[in-house]
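Close look at the chain arrangement
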Amino acid sequence: MKKLVALVAALSAVFAFADSYPSKTISIVVPFAAGGPTDRVARDLAEAMRKPLGDVAIVVDNVLGAGSSIGANRVAKAAPDGYTILLNHIAMATMPNLLRNMPFKIDTDFEYLGMINEVPMTVIARPTMPAKNFKEFRDWLNGHKGTINLGNAGVGSASHLCGLMFQNALQIDMASIPYKGTAPAMVDLMGGQIDLMCDQTTNTTAQIEAKKVIAYGVTTSKRLTVPALKDLPTLQEAGLKGFDVTIWHGLYAPKGTPADVVTKINHALKIALKDPDFIKKQEALGAIIITDKRIEPAEHKKFVAAEIAKWSPIIAAAKEYID
Ligand code: ASP
């Protein structure tokens, strides 16, 4: 009898907890620098999820470094109470293929909360780059072997993956310059301290439009419809056979977060992804909001597992360019 009373008490504590969730500030950990593309998605999303989560405050906490593994590890080890969640991108699939010592496991250390969007990338160069189009850019790169500086957000990041594919496609080794996000890398690119990088359109569209950087191509297999980017060739059109990189973002909670809390966050995410304001802001920057089944936690998890498998041989084939 005593045991039964204890069990009932424990269960009602769990239900009461889920019932009252959320009752304090939720922190979304962004594992890259403020002002960059991942941060941008998180800040727009935090705003759109606030109302569906009962007007609770949602703050973005930039936990930087090591291609997102430091921030992801922070969330993997956080209290599983729904108050610390992670927003990360394709790094959840590239880190297992690129990092030697991962301090956490992608498949068993997280509850999956649903996917958010897909974002193309652009190949951009410093504003003083003399090349007028992709062909001239390729010629310039070929003529400057051994001196080219390629910015990225650390091993395992989206810019690292895309840069790896780019070097492999051109068969040109470039010096990788790692930053804690592509926001600081963009500052150096605009200032001419580095020559080029790949970055999500959520960070590059405004800079391309303002001519602060020069864009030479998009990484997706189809051209984009965003006015500032619609004239850019795909890298496939420009001659890089099979080049196709799209970045996706998802939300994660520490393993063991109560199922009711997971459902509440997922429900709020679904409402946010239908918010016209969120959609408008994201689409203006080339992002495509997820409307398919990957919005469900189980499908999100399946997709990430499939992406880990998909990128494994592609990354292995480019191994000589991994830094
Ligand atoms: N675009 C960065 C990356 O390369 C991440 C960021 O700064 O948001 O993964």
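Before reading further, recall that the structure is shown in the block above.
In what follows, the accompanying structure is described. This is a predicted model, so every value here is computed, not measured.

1. Re the pattern of salt bridges
Under the criterion given, the structure shown has 15 salt bridges. One salt bridge in this structure joins Glu-296 and Lys-270, with 3.1 Å as the shortest N-O distance. Of this pair, Glu-296 sits in the loop between strand E10 (288-289) and helix H11 (297-317) while Lys-270 sits in helix H9 (residues 259-272), placing them 26 residues apart in sequence. Since its relative accessible area comes to 25%, Lys-270 is described here as partly exposed. Overlapping salt bridges, with partners in common, bring together Glu-47, Asp-277 and Lys-281 in one network.

2. Concerning unusual backbone geometry
Trans is the prevailing form of peptide bonds, just as negative phi is the prevailing case for residues other than glycine. Residue Pro-22 is bonded to the preceding Tyr-21 through a cis peptide linkage, with omega at -5°. Residue position: Pro-22 is located in the loop between helix H1 (2-20) and strand E1 (26-30). Positive phi values are uncommon outside glycine, yet Asp-55 reaches one of about 65°. Turning to its location among the elements, Asp-55 is positioned in the loop between helix H2 (37-50) and strand E2 (58-62). By relative accessible area, which is 46% here, Asp-55 ends up partly exposed. The residue Gln-171 is not glycine, and still its phi comes out positive at about 55°. Within the secondary structure, Gln-171 sits in the loop between helix H6 (158-170) and strand E6 (175-178).

3. Some details on the site of the ligand
As a matter of local geometry, the ligand sits amid Phe-32, Pro-37, Thr-38, His-89, Ala-153, Ser-157, Ala-158, Ser-159, Gly-181, Thr-182, Asp-199 and Gln-200. Residue Thr-38 places a side-chain N or O atom 2.6 Å away from an oxygen atom belonging to the ligand. At 2.4 Å, a side-chain N or O of Ser-159 approaches an oxygen atom of the ligand. Relative to its free-state accessible area of 270 Å², the ligand is covered by the protein chains to the extent of 100%. Contributions of two or more residues to the shell around the ligand are made by H2, H6 and strand E7 (196-200). When the residues that make up the shell around the ligand are grouped by side-chain class, the tally is four nonpolar, seven polar and one charged.

Calculation rules
Residues numbered from 1 in each chain as written. Predicted model: local features only at pLDDT ≥ 70, side-chain atom pairs only at ≥ 80, totals over all residues. Heavy atoms only, no water. Salt bridge = Lys/Arg side-chain N within 4 Å of Asp/Glu carboxyl O. Helix = DSSP H or I, 4+ residues; strand = E, 2+ residues; numbered from the N terminus. Buried < 20%, exposed > 50% of the residue type's maximum accessible area, 1.4 Å probe, protein only. Near = heavy atom within 4 Å. Polar contact = N/O pair within 3.5 Å; in protein donor to acceptor, adjacent residues only side chain to side chain. Areas by Shrake-Rupley, 256 points an atom, 1.4 Å probe, with all protein chains shown as cover. Nonpolar A, V, L, I, M, F, W, Y, C, P; charged D, E, K, R; others polar.

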